Amino acid sequence: MSAVTTDPWEAAAVPRGRFLLALTPLAKFAAPLPAMVALVFVRDLATPLVFLLVAYGVLLAGARLTARLILLLLLVLPLAAVTLGLGMAVWVDPARVADSAPVLHVGGWTLHEGALSVGLATGIRLAAIVALALIPGLTTTGPELVRAAVQQLRVPYRIGYTALAAFRFVPRFGHELEIIRQAHRVRGSHGGRGPFAALARWWGYIVPLLAGAIRHAERVALAMDARAFGAYPDRTERYLTRWRARDTIFVALFWAVSAGILVALFPWSP
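The text that follows walks through the structure, step by step, so that each part is easy to find. (Residues numbered from 1 in each chain as written. Predicted model: local features only at pLDDT ≥ 70, side-chain atom pairs only at ≥ 80, totals over all residues. Heavy atoms only, no water.)

### Remarks on the overall build of the protein chain
For the protein chain, the count of helices and strands is eleven helices and two strands. Ordered by position in the sequence, the α and β elements of the protein chain form the string α-α-α-α-α-β-β-α-α-α-α-α-α. Radius of gyration (C-alpha) of the protein chain: 25 Å, far over the 18 Å computed for a compact globule of 270 residues. The proportion of buried residues among the 270 residues of the protein chain is 33%. Within the protein chain, residue pairs in contact and separated by at least 24 positions form 76% of the contacts whose partners lie at least 6 positions apart. Element-wise, carbon and sulfur atoms account for 70% of the exposed surface of the protein chain, whose accessible area totals about 16,800 Å². If you average the places of the 26 positive and of the 14 negative side-chain charges in the protein chain, the two averages end up 9 Å apart. (Helix = DSSP H or I, 4+ residues; strand = E, 2+ residues; numbered from the N terminus. Rg over C-alpha atoms; globule rule 2.2 N^0.38 Å. Buried < 20%, exposed > 50% of the residue type's maximum accessible area, 1.4 Å probe, protein only. Contact = heavy atoms within 4.5 Å. Areas by Shrake-Rupley, 256 points an atom, 1.4 Å probe, with all protein chains shown as cover. Lys, Arg positive; Asp, Glu negative; His and termini not counted. Charge placed at Lys NZ, Arg CZ, Asp CG, Glu CD.)

Okay, here's the thing in structure tokens:
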């Protein structure tokens, strides 16, 4: 049986101009990885800020973003970076930044400009790493990543597809938990308000949720046995995930831009 070269359902879901959705998952993981590793070792403010802007530009130009994701990128992530930076500034050793200008005085405690710079650099650095990780995270699904890992990285399919089946337990648990909640509401079980009533409700969810999980695991195991999963060293793939020229171009351009930023700013200079 021959494998289909493309997934028709996924191809129809790719909007025009959203180039990240047309790339192989491994290219989207490989492109920002060196920059993420480099950001762990930088301590200045400009380098993570530039990488944060680059990640935002790539996401806004190449990903399909909903209103919630745009809110996350433009409001939640910067606010979290600033909050974390201010918190880190408080914990900076005052002796290290005593020669910088004071910014705030509270009793006998003084917040120096150097401490604020160090804290904000830490917060923006973490935000930049998260934003770079969102490039593959927001544009790659679990099945795509597993197919790419099995076909291109030669990960054993027994490991890849077993992990995929385990990941798919999570939305299944959510669906069954909602059904159990609705059944309890219909029966009027564990009503009331307060922490004890909430604890009683959650305790009543555990047993039926575990029973449903066991039944689902048995059905998945039987289905995999019926398809002779693991009986042969290789399996026929329904969809092929290929590394194309556009993947190489994207990775090369991202690496070149990352190297150019690091060389131009050189955050490791004394």
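That was the structure; now back to the text.
### Details of the layout of surface pockets
Size it by volume and the largest pocket reaches roughly 790 Å³. In terms of lining residues, the largest pocket is bounded by 19 residues, among which Tyr161, Leu164, Arg168, Arg227 and Phe229 are the most central. Mapped onto the lining of the largest pocket, the elements with two or more residues apiece are helix 7 (142-152), helix 8 (157-167) and helix 10 (195-226). Ranked by residues supplied to the lining of the largest pocket, first place goes to helix 10 with four residues. (1 Å grid on protein atoms, 1.4 Å probe; cavity = no way out; pocket = protein on both sides within 12 Å on 5 of 7 lines; lining within 4 Å. Points joined across faces, edges and corners; volume = space filled by probe spheres on them.)

### Some thoughts on the packing of aromatic side chains
The tally for this structure, following the rule as stated, stands at four aromatic pairs. An angle of 85° between the planes, with centres 5.4 Å apart, marks the rings of Tyr157 and Phe229 as edge-to-face. A residue pair is termed long-range when its members are at least 10 positions apart, and Tyr157 in helix 8 and Phe229 in the loop between helix 10 and helix 11 (245-265) qualify at 72 residues. When the ring of Phe169 is compared with that of Phe173, the centres are 5.9 Å apart and the planes differ by 80°; the resulting orientation is edge-to-face. On the criterion of helical spacing, the pair formed by Phe169 and Phe173 is a turn pair, its members being four residues apart in helix 9 (residues 169-187). Each member of the aromatic cluster is reached from another via a ring pair, and the members are Phe19, Phe250 and Phe254. (Phe/Tyr/Trp six-rings, centres within 6.5 Å; stacked < 30°, edge-to-face > 60°.)

### Some thoughts on helix 11
The first and last C-alpha atoms of helix 11 sit 30 Å apart over 21 residues, in line with the 30 Å expected at 1.5 Å per residue. Of all the residues in helix 11, the buried ones are Asp247, Phe250, Val251, Phe254, Ser258, Ile261 and Leu262. One side of helix 11 holds all its buried residues, which, seen down the axis, span an arc of 95°. Across helix 11 from its buried face, at more than 90 degrees, point the exposed residues Ala245, Ile249, Leu253, Val263 and Ala264. Tucked into the core, helix 11 has its buried residues touching helix 2 (25-30), helix 3 (33-40), helix 4 (46-62) and helix 6 (113-137). Residue Phe266 follows helix 11 closely and has a positive phi angle near 40°. (Expected span 1.5 Å × (residues − 1). Arc of directions from axis to C-beta.)

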